[in-house]
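Structural features, examined
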Amino acid sequence: MTYYDRVLEAANAVRKMTGSATPEIALVLGSGLGGFASTLEDARSIRYSELPHWPQSSVIGHEGRVVVGTVGGKRLVTLSGRCHAYEGHPLATVTFATRVLGVLGVKTFILTNAAGGINTSLSQGALMVIDDHINLTGDNPLVGANDERFGVRFPDMTEVYSLRLRQLADAAAAALGVPLSHGIYAGLLGPSYETPAEIRYLRAIGGDAVGMSTVAEAIVARHMGMEVLGLSCITNMAAGILPQPLDHNEVMETAHRVRGRFVALLGAILDRL
Ligand code: HPA
C-alpha cells in the first residue's frame, strides 16, 4: 500500500468516526496545550490508536488524540500529541497527520509549540508568532518521490507562515491585551537541548527561538496549499542565556502556567478566522 493510500485510509476513518462535514481549521497542540481540546463543544474524540496507520507519540505531555468539535460556532479539528523526528520517526511519519488533515480538506493549519528563547527581548512565558523558520533538522519531509496528488516537486517557501494570519493574530492579541512577539523559529532535530555555542550560532544566523517540531509539518502543509500559522510559547530561555541548566520539567511547567493566556489567544484568533 502506498503512503498516499495509507493517508486516504486514515482520512476515511476520521470521516467515518466524526460523521460530519470536515472542519476547515486544524490546530496542532504542542507541549502542555493538549487540554485545549477539552474546550471543544459537540466533540468527538478519537485516540490515535483507533486510527489506521496513525503514528503514536511517546513523549510525556503529548496525549495522542484527534478531536473534532466546535469552538465559537466554528468547526475545528485538534491534534493533541504529535510525533517528533527525535523519537526515531522518519519525517514522512512525523507529517502523516498533517497529510491526513490536508486530504480531509483543512484550509487553515495552526501549529503551536514550546520553544526556547534565543532573542533576549523574549522572556520565559512569552508568546511568539512564527514569522519564518530555518530548517536545521538536516532533513526535509518532501525528500523522496513526489506524489503530485499532494503538491508540486519544488514548492515555494517564500511565505510559509501566512502574513494574513500573522496580522490576524496581532489583532486578536491586541483586542485581548495579550503581549505577542514575532520571530524566526530555528527547527532542530533534538532531543538534546542545544549547547550555548549552538545558541550563539543560531542567534547569528537570525534565529529568535529554537525548537524540535513544527518545520516539517509547516513544509508539508504548504506543499498541500494550506494556509499556516505558527505560535510558540517561550517555555525557557535557550541554553547559556541564563546561568542555569535546561530541564524538560521547566518547559512543561511554563507551558502549564501560560496555558490560560495561550488558550485565550487561540480563541480570539479562531473568532477572527
Ligand atoms: N530548545 C529546543 N527545543 C525546545 C526548547 C529549547 O530550549 N524549549 C522548548 N523546546
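Quick notes on the rules
- Residues numbered from 1 in each chain as written.
- Predicted model: local features only at pLDDT ≥ 70, side-chain atom pairs only at ≥ 80, totals over all residues.
- Heavy atoms only, no water.
- 1 Å grid on protein atoms, 1.4 Å probe; cavity = no way out; pocket = protein on both sides within 12 Å on 5 of 7 lines; lining within 4 Å.
- Points joined across faces, edges and corners; volume = space filled by probe spheres on them.
- Helix = DSSP H or I, 4+ residues; strand = E, 2+ residues; numbered from the N terminus.
- Nonpolar A, V, L, I, M, F, W, Y, C, P; charged D, E, K, R; others polar.
- Near = heavy atom within 4 Å.
- Polar contact = N/O pair within 3.5 Å; in protein donor to acceptor, adjacent residues only side chain to side chain.
- Areas by Shrake-Rupley, 256 points an atom, 1.4 Å probe, with all protein chains shown as cover.
- Sits in = over half its atoms within 2 Å of the grid points.
- Core = buried A, V, L, I, M, F, W, Y, C linked by side-chain atoms within 4.5 Å.
- Buried < 20%, exposed > 50% of the residue type's maximum accessible area, 1.4 Å probe, protein only.
- Contact = heavy atoms within 4.5 Å.

**Overview of empty space enclosed by the protein**
Applying the stated rule across the entire model yields 3 cavities of 30 Å³ or more. Roughly 90 Å³ of internal volume is contained in the largest cavity. Those elements that place two or more of their residues in the lining of the largest cavity are α2 (91–94) and α3 (96–104). Broken down by class, the residue content of the lining of the largest cavity amounts to 7 nonpolar, 5 polar and 2 charged. Of the pockets and cavities examined, the second largest cavity occupies roughly 60 Å³. Lining the second largest cavity are 10 residues, and of these Val 14, Thr 18, Thr 22, Pro 23 and Val 68 lie nearest its centre. If one sorts the elements of the lining of the second largest cavity by residue count, helix α1 (residues 3–18) sits on top with 3 residues. When grouped by side-chain class, the residues that make up the lining of the second largest cavity number 6 nonpolar, 3 polar and 1 charged.

**A word on the site of the ligand**
The full set of residues close to the ligand is Ala 114, Ala 115, Gly 116, Tyr 193, Glu 194, Val 210, Gly 211, Met 212, Thr 235, Asn 236, Leu 246 and Val 251. In this structure, a nitrogen atom belonging to the ligand sits 3.3 Å away from a main-chain N or O atom of Gly 116. Asn 236 is positioned such that a nitrogen or oxygen atom in its side chain is 2.6 Å from a nitrogen atom of the ligand. Notes on the ligand: free accessible area 260 Å², of which the protein chains cover 95%. A majority-of-atoms criterion places the ligand in the largest pocket. Of all the secondary-structure elements, those providing two or more residues to the shell around the ligand are β5 (108–117), β8 (209–211) and β9 (227–237). Here the shell around the ligand gets 3 residues from one element, more than from any other, and that element is β5. In terms of residue class, the shell around the ligand is made up of 7 nonpolar, 4 polar and 1 charged.

**Brief notes about the nonpolar core**
Residues Trp 54, Val 66, Leu 79, Val 100, Leu 101, Phe 109 and Ile 234 are the most contacted members of the largest nonpolar core, which totals 45 residues. Per-element accounting of this core gives the leading share, 6 residues, to α1. Setting aside residues no more than four positions away along its own chain, Ile 234 makes contact with Ala 115, Gly 116, Gly 117, Leu 122, Ser 123, Gln 124, Gly 125, Ala 126, Met 128, Ala 209 and Thr 254. Membership of the second largest hydrophobic core comes to 31 residues, among which are Leu 40, Val 71, Leu 229 and Leu 231.

**Quick notes on the side chain of Arg 166**
Tracing the backbone through its elements, the reader meets Arg 166 in helix α4 (residues 163–176). Apart from residues lying up to four places away in sequence, Arg 166 is in contact with Val 129, Ile 130, Asp 131, Glu 159, Tyr 161, His 182 and Leu 229.

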